[in-house]
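Listed here are the chains, written in short residue letters.
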Amino acid sequence: MGRGRACWLMKSEPGVFSIENLQAARNQTAGWDGVRNYQARNFLRDDVKPGDRVLFYHSSVVPPGIAGEAVVVREGYPDPTAWNPEHAQYDPNGSPENPIWYMVDVRFVRSCRFIPLDRLRQIPELKNMVLLRRGTRLSVQPVTAGEWRAIRGLPEWANAEIQAAGTDR
DNA sequence: GCCAACGTTGGC
DNA sequence: GCCAACGTTGGC
């Protein structure tokens, strides 16, 4: 018991799935599927729990950055896209009986005014953030409580409460 | 277990 | 589109 709510940062290419897509989804909830990296998989399978907060990061766009916040609503379970030959992330090595890849479900919480990567780099409290470490490519990564506080304290989140309330369901 | 070759990520 | 940095694969 009692580990509290952990914080994560999850990357998505907005052309594939953006925070707007999450907000527009049924119940503002969607599966975080398609992850095909073992370290990220281990987080999804073992460590990401319902109630955990998620920073929704838009990658492979100019500029990249944090677009908002989500919350985990379902813990890790086998990712069915892995054994769907039609799917871009199909992996013939797994099966429903022997799943390799895992996913979680997340729900939209709020958007923020976009926080570009460049700006994150300038924040002293984020100096050691996994995202900012050279060569890091992890698409699911832990965020410390201090990092979370520093990011959530930025003015980009102003009015986000109102926005979140206004977009409820 | 080593490591070269190849594939992928993702900022720029 | 480029390319640095990683991750994975597979021969040995």
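Bear in mind that the values here come from a model prediction, so they are computed numbers and not experimental data. (Residues numbered from 1 in each chain as written. Chains lettered and ligands numbered in written order. Predicted model: local features only at pLDDT ≥ 70, side-chain atom pairs only at ≥ 80, totals over all residues. Heavy atoms only, no water.)

Colleague: Explain the protein's contact with DNA strand C to me, please; I cannot follow it from the model alone.
Modeller: Around DNA strand C lies a shell formed by Y38, R134, G135 and R137. Counted by atom, the contact set of DNA strand C within 4 Å of the protein is 71% sugar and phosphate. Between DNA strand C and R137 there is a distance of 2.5 Å, counted from a base oxygen to a side-chain nitrogen or oxygen. In the surface near DNA strand C, the residues fall into 1 nonpolar, 1 polar and 2 charged. (Near = heavy atom within 4 Å. Polar contact = N/O pair within 3.5 Å; in protein donor to acceptor, adjacent residues only side chain to side chain. Nonpolar A, V, L, I, M, F, W, Y, C, P; charged D, E, K, R; others polar.)

Colleague: When you look at the pattern of salt bridges in this model, what are you seeing that I'm missing?
Modeller: Opposite charge on two side chains allows them to pair when their charged atoms are near. Counted according to the given criterion, the structure contains 7 salt bridges. Across the pair R36 and D79 runs a salt bridge whose closest N-O atoms are separated by 3.0 Å. Linking R36 in the loop between β2 (29–32) and α2 (38–47) with D79 in the loop between β4 (65–78) and β5 (102–116), this pair joins segments that are 43 residues apart in sequence. Taking relative accessible area as the criterion, D79 reaches 0% and is therefore assigned buried. By sharing partners, the salt bridges in this structure join E69, R110 and R152 into a single network. (Salt bridge = Lys/Arg side-chain N within 4 Å of Asp/Glu carboxyl O. Helix = DSSP H or I, 4+ residues; strand = E, 2+ residues; numbered from the N terminus. Buried < 20%, exposed > 50% of the residue type's maximum accessible area, 1.4 Å probe, protein only.)

Colleague: Can you walk me through the packing of aromatic side chains in this structure?
Modeller: Each aromatic ring pair is specified by the distance between its two centres and by the angle formed by the two planes. Enumeration according to the criterion identifies 4 aromatic pairs in this entry. Pairing W8 with F43 gives two aromatic rings, centres 5.2 Å apart and planes at 55°, and the pair type is tilted. Within this pair, whereas W8 is found in strand β1 (residues 7–12), its partner F43 is found in helix α2, the two being separated by 35 residues in sequence. The two residues W8 and F43 agree in class, both being buried. A network of ring pairs unites the aromatic residues F17, W32 and F56 as a single cluster. Cation over ring: R74 sits above Y77, and NZ or CZ is 3.4 Å from the ring centre. The ring of W157 has R152 lying over it, and the distance from NZ or CZ to the ring centre is 4.6 Å. (Phe/Tyr/Trp six-rings, centres within 6.5 Å; stacked < 30°, edge-to-face > 60°. Lys NZ or Arg CZ within 6 Å of the ring centre and 35° of its normal.)

By themselves, these figures tell us nothing about what the structure is for.
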